[in-house]
Amino acid sequence: MALFSRRASKSKQVTRRASSRARAVVRGDEGHPVGLSQHSDARVYEIGHEFLEAANRHRAGVLSKQFWSDKLMDWSMKDHAFKVQLFRFVDTFPVLRHDADAVHDHLVDYLSQPDVNLPPGMAMAMRAGGLAKGTFTKTTSGQIESMAKQFIAGEDAKSALPGLKSLWDRGIAFSVDLLGEACVSDAEADMYVEKYMDLVTNLPDAVSAWKPNERLERDHLGPVPRTNVSIKISALSAKADPIDTDGAISDLMSRIVPILERAKERGVFINFDMEQAELKDLTLELFMRCCEAVEFEAGLAMQAYLKSGDEDARRIVEWSKKTGRDVTVRLVKGAYWDYETIHAEQMHWPCKVWNTKQETDACFERMSETFLDSTPRSKGEGGVRLALGSHNARSIAAAVEGLERRELPVEAIEFQMLHGMADQLKGAAGELGWRVREYVPVGEMIPGMAYLVRRLLENTSNESWLRAGFLDGASEERLLASPHVSDGHAKQDLYLVAPERHALSPAVEGVGDGRPFATEPMRDFSKKPVRETFAEAIARSVVPSVANDGTVEHADAALAAAHAYFPTWRDADPRERASMMIRAADAMRARRDELSGVIIKVSGKPWREADADVTEAIDFLDYYARHAVGLFEPRRLGKYIGELDEQWHQPRGVAVVISPWNFPLAICCGMTAAALVTGNTTVLKPAEQTPGIASILAQILWDAGVPREALHFIAAPGETVGAHLVRDPRVSLIAFTGSKAVGLDILQAAGVTPSEQLHVKKVVCEMGGKNAVIIDVSADFDEAVLGVRYSAFGFQGQKCSACSRVIVVDPDGPNGQHISGFVERLVESTKSLVVGDPMNPGTDVATVIDDEARDKIMGFIERAKRQGLTCAVGADAWRLPDDSPTLAKNVVPPHIFTGVTREHEIAREEIFGPVLAVMHAHSFDEALEIANDSPYKLTGGVFSRKPAHLEKARREFRVGNLYLNRGNTGALVGRQPFGGFGMSGVGSKAGGDAYLHQFVEPRACCENTMRRGFAPEL
């Protein structure tokens, strides 16, 4: 008879082994389990062996060889490039499926990419025309829809009910999960509330009519609700951002508490799902507060692939014991491993997930032990009931062994598996008398496609346990091997060990001092200590009182001193100049939160924007220091015997830096550091709106060793002092960032060469932008809406890179479904932005820089209205705070105008504020034409999932910085060198390896090294 079988008697307890089988848990320094002893591991193997034997008697379902013999899936596991392109097409398919030509066009495009090898016969089918083309498209579409149906139970609860009942009749319970991963507006959050309310209100009536099943309806403490619903908190708020945890929880509870109260009335179990790691602490805090507010049947998913898993488990156990609250934890390994790994690397953050599958599996077993230790023995004592979410026979067997060791009945644990997967394991669990529940996704294909792709990636991965167990024929010894290295039997040749996969990208080559450059990590505001430290620092920050009272006489004195000191600074050791920049960067790191506070107070930047300003300044100092030294070292050109050809560089002279207010530290620092590190003495005149933060920069550089004779700071009006500086013949170089009008004036003035001036001035000039983002017919709206919203309204649209035109492709015209759907989601998403004080962490939009800027922006808005353009969202969408007259006066809320054509003023003029023009194009080619129809050539963006269109944009979208499938602001030093052309400026890109060449002059020397026919090389 099978182990743990209850078929002979429903009341019969699990057969337990004698005390000789008792197994001790090996404890770590902090008291949590790190592994199992050899004796207990032998018992785990026994249980796993019987479980796998039972599974082999149920070999059917999605992961059977029958399913994977499908041509597409079978080939995807043989050819990685084919799998990548196929799954990318699968992700795009839902938005195309009603247009057969579009489906065929995109499929051919994806599968025609380089290095893709097609299954036999597919290439011919792709080239076919006429009826054969239609047959091929229909067949492929059918295969994808069939795959979706395997994993997604229905479009809504009603359509899923027959499937849920079928599960129940087969002895499997369910947890319904509503698909739809991106909530971009309050309106969408309210829609999801309605859907969840419908589930908890109406499902119980249908489910209650099903036949009884004692095994599924009771655990060791008593009755278990039949209806189980899983909730994603990100679906219930567009403000689920941990940066403002209290604000996010307040907004979330306003929607979730009514659902929980209804669930309590209807006897429905509610499980809080876990999503990306940045939402983990927010989810835990929300869950605990909800449990204390409503006495509902509560469950929580927790992820073992997080390095914080052990600590998270202890936190929930301690809370449950302290409050006396019985809760269920669905322990899973995690579904966002690739995202978490890649995102951490891109942000230069410590990786939050375990780097190998072995470490994840070991953590899963440790967390299982923690939860089993806390399993309540009676109602009301508090503790955690474990729901094991795994398809891994080793993980399952280890948990069952843990039950035995604690003399707990098998009813004390529930085994949860994904719908459409691992039917063999579900059958085996049922045969062994275990409680099994399926996690059942319900939803439409578009929001469900991300879920489907994750499932496909999981099960075609070389690291997939299911694939190894049921497709590749791995041995039991390998499948059941311990993940605990401390046990002595986690043999690497037997265990499914993933390679180390954090830091996937090759390191940047070292320059200057030989160390590789990496951008300064921005603050991870999902961490409470980071938020608290930041809030305290910005509250303490003090803006220096710096008056713009510099005069022409002050400017002349600074220029005279800089001119006199130039030979000394020019001939200084380049390494020492670079070291000064490194020391300045270190000083900024030590004060970065304080500096952020100054920026917030002087310019109105929200938290993340201010932090990014400081990190970019640090990056400029580090990056330019590492690139400067080599410019002054002679570099041999060619290797001709008897001839030594060399090139090196020298500084230009006196540099004038005129910096803008919108990046009051980063751009100011970048231009100043570039001038100084290349040996130019420098006069810094910052924007009149933000001299305080610039004065701190100057002091940091002086403290780092830059002589005061080399760097002169002057806060003064641009119209007088700035104009005088750029026209002085002692100036050799002008670095400017600002408006087109001022930039063109500087360029014109620099071209005038009086007789006493013995050089031609070099001008590095970055001006404005009228940047466009194209939304293609295959765009992912979840990404596009948020990307455009941030690009248009981040820092109140006061960036030269900001999106001010969004061009939506819709073959059906300006009122077509595609453009209408995008605009509707964008408008509602924009309304969810928080307008307020930038000192508050939840603020998205604050004041514009000054009255003059406000009046100019409002002028554009009023003229657009008078021209008959539709204002889809404007000031009336927000109630500005009554207790802050200054804030209410100087805030310009986001405005979106639709029906805009090329002739309209807001489609052509740079506004430098939160005003977005929505334009229409019938085709992608027309969209490119509209985007290029601007004298500005700074940034541009494209949201498209058609490879040919992305490639076309690379070739034909004429901008300095092009961003594909992401927002078009936020360039990073060394990764996205920044700068445009046309009326957007002249010069090489800031933060790029060519930028410093503008601050130096090249020199070359040729020496004849032969003496009487003898060369040194001989």
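Note that the structure is a prediction, hence the values are computed from the model and not measured.

Definitions and cut-offs
- As a convention, each chain's residues are numbered from 1 in the sequence order in which they are written.
- Since the coordinates come from a predicted model, pLDDT governs what is reported: local features require at least 70, and pairs of side-chain atoms require 80 or more to be given and counted, while whole-chain, interface and lining totals use all residues.
- Only hydrogens and water are set aside when side-chain values are computed; all heavy atoms of the structure are taken into account.
- Strands are runs of DSSP state E lasting at least two residues, helices are runs of H or I lasting at least four, and both sets are numbered from the N terminus onward.
- Exposed residues in this analysis have more than 50% of their type's maximum accessible area, buried residues have under 20%, and partly exposed residues fall in between, with area computed by a 1.4 Å probe over protein chains only.
- A contact between two residues is defined here by any heavy atoms of the two lying within 4.5 Å.
- For the area figures, the Shrake-Rupley method with a 1.4 Å probe applies, and any residue is considered shielded solely by the protein chains shown.
- Throughout this description, a polar contact denotes any pair of N or O atoms lying within 3.5 Å of each other; where both atoms belong to protein, one of them has to be capable of donating a hydrogen while the other can accept it, and for residues adjacent in sequence the pair is counted only when both atoms sit in side chains.
- In this description, strands pair whenever DSSP reports at least two bridges between them.
- Whether two aromatic rings pair depends on their centres lying within 6.5 Å, for rings of Phe, Tyr and Trp, where Trp uses its six-membered ring; planes under 30 degrees apart make the pair stacked, over 60 edge-to-face, and the rest tilted.
- Definition used: whenever NZ (Lys) or CZ (Arg) falls within 6 Å of the ring centre and also within 35 degrees of the ring normal, the charge is taken to sit over that ring.
- Residue-level confidence of the predictor is summarised by pLDDT, bounded by 0 at the bottom and 100 at the top.
- Whenever a helix is involved, its axis is fitted only over the stretch in contact; in every case the axis is a line through C-alpha atoms, and angles between N-to-C directions fall within 0 to 180 degrees.
- Expected helix span is taken as 1.5 Å per residue step, with the number of steps being one fewer than the number of residues.
- Throughout, the arc means that of the directions going from the helix axis to the C-beta atoms.
- Note on definitions: salt bridges are taken to be side-chain nitrogens of Lys or Arg within 4 Å of carboxyl oxygens of Asp or Glu.
- We define a nonpolar core as any set of buried Ala, Val, Leu, Ile, Met, Phe, Trp, Tyr and Cys residues linked to one another through side-chain atoms lying within 4.5 Å.
- Throughout this description, any angle smaller than 35 degrees is read as roughly parallel, any larger than 145 degrees as roughly antiparallel, any in the 65 to 115 degree range as roughly perpendicular, and the remainder as oblique.
- Here the nonpolar group is Ala, Val, Leu, Ile, Met, Phe, Trp, Tyr, Cys and Pro; Asp, Glu, Lys and Arg are the charged ones; every other residue, Gly included, is treated as polar.
- In this scheme, the bend at a residue equals the angle between the axes fitted to the seven residues that finish there and the seven that begin there.
- Residues enter patches when their relative accessible area tops 30% and they take part in no salt bridge; the joining distance is 9 Å for like charges and 5 Å for the nonpolar side chains Val, Leu, Ile, Met, Phe, Trp and Tyr.
- For the purpose of charge, His is not counted, nor are the chain termini; Lys and Arg are scored as positive and Asp and Glu as negative.
- Here the site of a charge means NZ on Lys, CZ on Arg, CG on Asp, or CD on Glu.
- Note on convention: near helix rotated counterclockwise from far helix by under a right angle means a left-handed crossing. Clockwise means right-handed.

Undergrad: Please provide a residue-by-residue account of the overall build of the protein chain, values included.
TA: In terms of helices and strands, the protein chain carries 35 helices and 30 strands. The buried share among the 1018 residues of the protein chain stands at 58%. In the protein chain, the share of contacts with a sequence separation of at least 24, taken over all contacts with a separation of at least 6, comes to 77%. With an accessible surface of roughly 39900 Å², the protein chain has 51% of that area assigned to carbon and sulfur atoms.

Undergrad: Lay out the environment of N271 with the relevant residues and their values.
TA: Inspection of the secondary structure assignment puts N271 in strand 7 (residues 269-272). Leave out the neighbours within four places in its chain, and N271 touches N228, V229, S230, I231, G299, L300, A301 and R330. Polar contacts involving the side chain of N271 include one to the main-chain amide nitrogen of L300, which spans 3.2 Å.

Undergrad: Help me get a handle on the sheet that holds strand 30 (residues 1000-1008), residues and values and all.
TA: Here we have three strands laid out as an open sheet, ordered 13-14-30, and antiparallel in their pairing. Bordering the open sheet on either side are strand 13 (635-636) and strand 30, each of which pairs with just one other strand. As judged from the two bridges shared by strand 13 and strand 14 (residues 643-651), these two strands associate in the antiparallel manner. Note on strand 14: the bridge partner recorded for R635 is Q647.

Undergrad: Account for the packing of aromatic side chains, with residues named and values stated.
TA: Applying the stated criterion across every chain, the model contains 20 aromatic pairs. Geometrically, the ring pair formed by F525 and W607 is tilted, given 5.6 Å between the ring centres and 50° between the ring planes. Taken together, the residues span a long stretch of sequence, with F525 in the loop between helix 20 (476-479) and helix 21 (528-540) and W607 in helix 25 (residues 607-628) at a distance of 82 residues. Judged by relative accessible area, which is 2%, F525 ranks as buried. Ring geometry for Y623 against Y624: centres 6.1 Å apart, planes inclined by 65°, an arrangement best described as edge-to-face. With a relative accessible area of 1%, Y624 lands in the buried category. Pairwise contacts between aromatic rings join F517, F620, Y623, Y624, Y995 and F999 into one cluster. Here the guanidinium or amino end of K333 rests over the ring plane of F364, the centre of that ring lying 4.9 Å away.

Undergrad: Please provide a residue-by-residue account of the confidence of the model for the protein chain, values included.
TA: Across the protein chain, pLDDT averages 89, with 89% of residues at or above 70. With pLDDT under 50 throughout, residues 1-39 is counted as low confidence; its partners more than four residues away or in other chains account for 91 contacts. The low-confidence segment residues 487-499, where pLDDT is below 50, has 34 contacts with residues more than four positions distant or belonging to other chains.

Undergrad: Which residues make up the pairing of strand 16 (residues 681-685), and what values do they have?
TA: The element strand 16 is largely enclosed, with a buried count of five among its five residues. By the alternation rule, side chains of strand 16 split into T681, V683 and K685 and T682 and L684, which are all buried. Looking at chain direction, strand 15 (residues 654-658) and strand 16 are connected through five bridges and run parallel. Residue pairing for strand 16: A655 is matched across the bridge by T682.

Undergrad: Help me get a handle on the sheet that holds strand 10 (residues 383-389), residues and values and all.
TA: Spatial ordering of the closed barrel is given by 3-6-7-8-9-10-11-12, a layout of eight strands whose pairing is parallel. The sheet shows a mean angle of 30° between the axes of neighbouring strands, direction not considered. Bridging between strand 3 (residues 173-178) and strand 12 (residues 436-442) involves six bridges; their strand directions are parallel. The partner of L178 across the bridge, within strand 12, is V442. Relative to the sheet, helix 16 (residues 393-405) contacts strand 10 and strand 11 (413-418), its axis offset from that of strand 11 by approximately 170°.

Undergrad: Summarise helix 7 (residues 130-151); cite the residues concerned and give the values.
TA: Here helix 7 contains 22 residues, and its C-alpha end-to-end distance of 33 Å stays within 8% of the 32 Å for a straight helix at 1.5 Å per residue. Along helix 7, the residues classified as buried are F136, T137, T140, S141, I144, M147, A148 and F151. Within helix 7, the buried residues cover an arc of 120° as seen down the axis, which keeps them to one side. Among the exposed residues of helix 7, those oriented more than 90 degrees off its buried face are G130, L131, K138 and K149.

Undergrad: How would you summarise the side chain of S234 if you had to cite specific residues and measurements?
TA: Summarising the element assignment, S234 is placed in the loop between strand 6 (228-231) and helix 11 (245-266). Relative accessible area serves as the criterion here: at 12%, S234 is assigned to the buried category. At 2.5 Å, the side chain of S234 forms a polar contact with the side chain of E275.

Undergrad: Kindly report on the pattern of salt bridges, identifying the contributing residues and their values.
TA: As enumerated under the stated definition, the model contains 72 salt bridges in all. In this structure, the salt-bridge partner of D281 is R315, at a minimum N-O distance of 3.5 Å. Linking D281 in helix 12 (residues 280-293) with R315 in helix 13 (residues 309-323), this pair joins segments that are 34 residues apart in sequence. Since its relative accessible area comes to 27%, D281 is described here as partly exposed. A salt bridge links R437 to E414; its shortest N-O distance comes to 2.8 Å. In this pair, R437 is assigned in strand 12 and E414 in strand 11, connecting sequence segments 23 residues apart. Each member of the pair, R437 together with E414, is buried. It is possible to trace a salt-bridge network through shared partners that takes in D246, K280, D281, E285, R289, D312 and R315.

Undergrad: Give a detailed account of the nonpolar core, specifying residues and quantitative values.
TA: Ranked by internal contacts, the top residues of the largest apolar core, which has 108 residues, are I270, F272 and F371. Ranked by the residues each element gives to this core, the list is headed by helix 11, at nine residues. Non-local contacts of I270, meaning those with residues more than four positions away in its chain, are made with V200, V229, I231, L260, A263, F296, E297, A298 and G299. With 68 residues, the next largest nonpolar core counts V614, A674, L684 and A710 among its residues.

Undergrad: Give a detailed account of the packing of helix 12 against helix 13, specifying residues and quantitative values.
TA: Look at helix 12 against helix 13: their axes get within 12 Å of each other, and the N-to-C directions meet at 10°. Comparing their axes, helix 13 and helix 12 come out roughly parallel. Contacts from K280, D281, L284, E285, F287, M288, C291 and E292 of helix 12 reach helix 13 at D312, R315, I316, W319 and T323. The class makeup of the residues in the contact of helix 12 with helix 13 is six nonpolar, one polar and six charged.

Undergrad: Tell me about helix 9 (residues 186-208), and please be specific about residues and values.
TA: With 23 residues, helix 9 extends 33 Å between its outermost C-alpha atoms, agreeing within 8% with the 33 Å of an ideal straight helix rising 1.5 Å per residue. At N202, helix 9 shows its strongest bend, of approximately 35°, with the proline P204 following within four residues. Taken together, the buried positions of helix 9 are E188, A189, Y192, V193, Y196, M197, L199, V200, L203, P204 and V207. In this fold, the buried residues of helix 9 make contact with helix 8 (157-169), strand 3, strand 6, helix 11, strand 7 and helix 31 (817-831).

Undergrad: So what's going on with the side chain of K232? Which residues, and what values?
TA: Mapped onto the fold, K232 is located in the loop between strand 6 and helix 11. A polar side-chain atom of K232 sits 3.1 Å from a polar atom in the side chain of D177.

Undergrad: Pulling in residues and values, what's your account of the environment of R789?
TA: Assignment of secondary structure puts R789 in helix 30 (residues 781-793). For the pair R789 and G967, spaced 178 residues apart in sequence, the C-alpha to C-alpha distance is 8.5 Å. If we ignore the near neighbours within four places in the chain, the residues touching R789 are V184, G794, L826, S829, T830, S832 and L833. For R789, the side chain forms a polar contact with the side chain of S832, separated by 3.3 Å.

Undergrad: Break down a nonpolar patch on the surface for me, citing the residues and quoting the values.
TA: Residues I641, F1014 and L1018 make up a contiguous nonpolar surface patch of about 360 Å² in total accessible area. Mapping I641 onto the fold places it in the loop between strand 13 and strand 14.

Undergrad: So what's going on with the pairing of strand 14? Residues and values would help.
TA: Across a regular strand the side chains alternate sides, sitting on one face of the sheet and then on the other. Counting the residues that bridge the hairpin from strand 13 to strand 14 gives six residues, and of these G638 lies at a positive phi of roughly 75°. Looking at chain direction, strand 14 and strand 30 are connected through nine bridges and run antiparallel. Within strand 30, the position partnered with D645 by the bridge is C1006.

Undergrad: Help me get a handle on a negative patch on the surface, residues and values and all.
TA: Together, E155, D156, D198 and E444 give the surface a local cluster of negative charge. Tracing the sequence through the fold places D156 in the loop between helix 7 and helix 8.

Undergrad: Tell me what's going on with the packing of helix 26 (residues 666-677) against helix 27 (residues 691-703), and back it up with residues and numbers.
TA: Packed helices, taken two at a time, are described by the angle between their axes plus the distance between the axes. Helix 27 packs onto helix 26 with a crossing angle of 30° between their chain directions and a minimal axis gap of 11 Å. At the point where helix 26 passes helix 27, the crossing takes the right-handed sense. On helix 27, the residues touching C668, C669, T672 and L676 of helix 26 are A694, L697 and L701. Across the contact of helix 26 with helix 27, the residue classes break down as six nonpolar, one polar and no charged.

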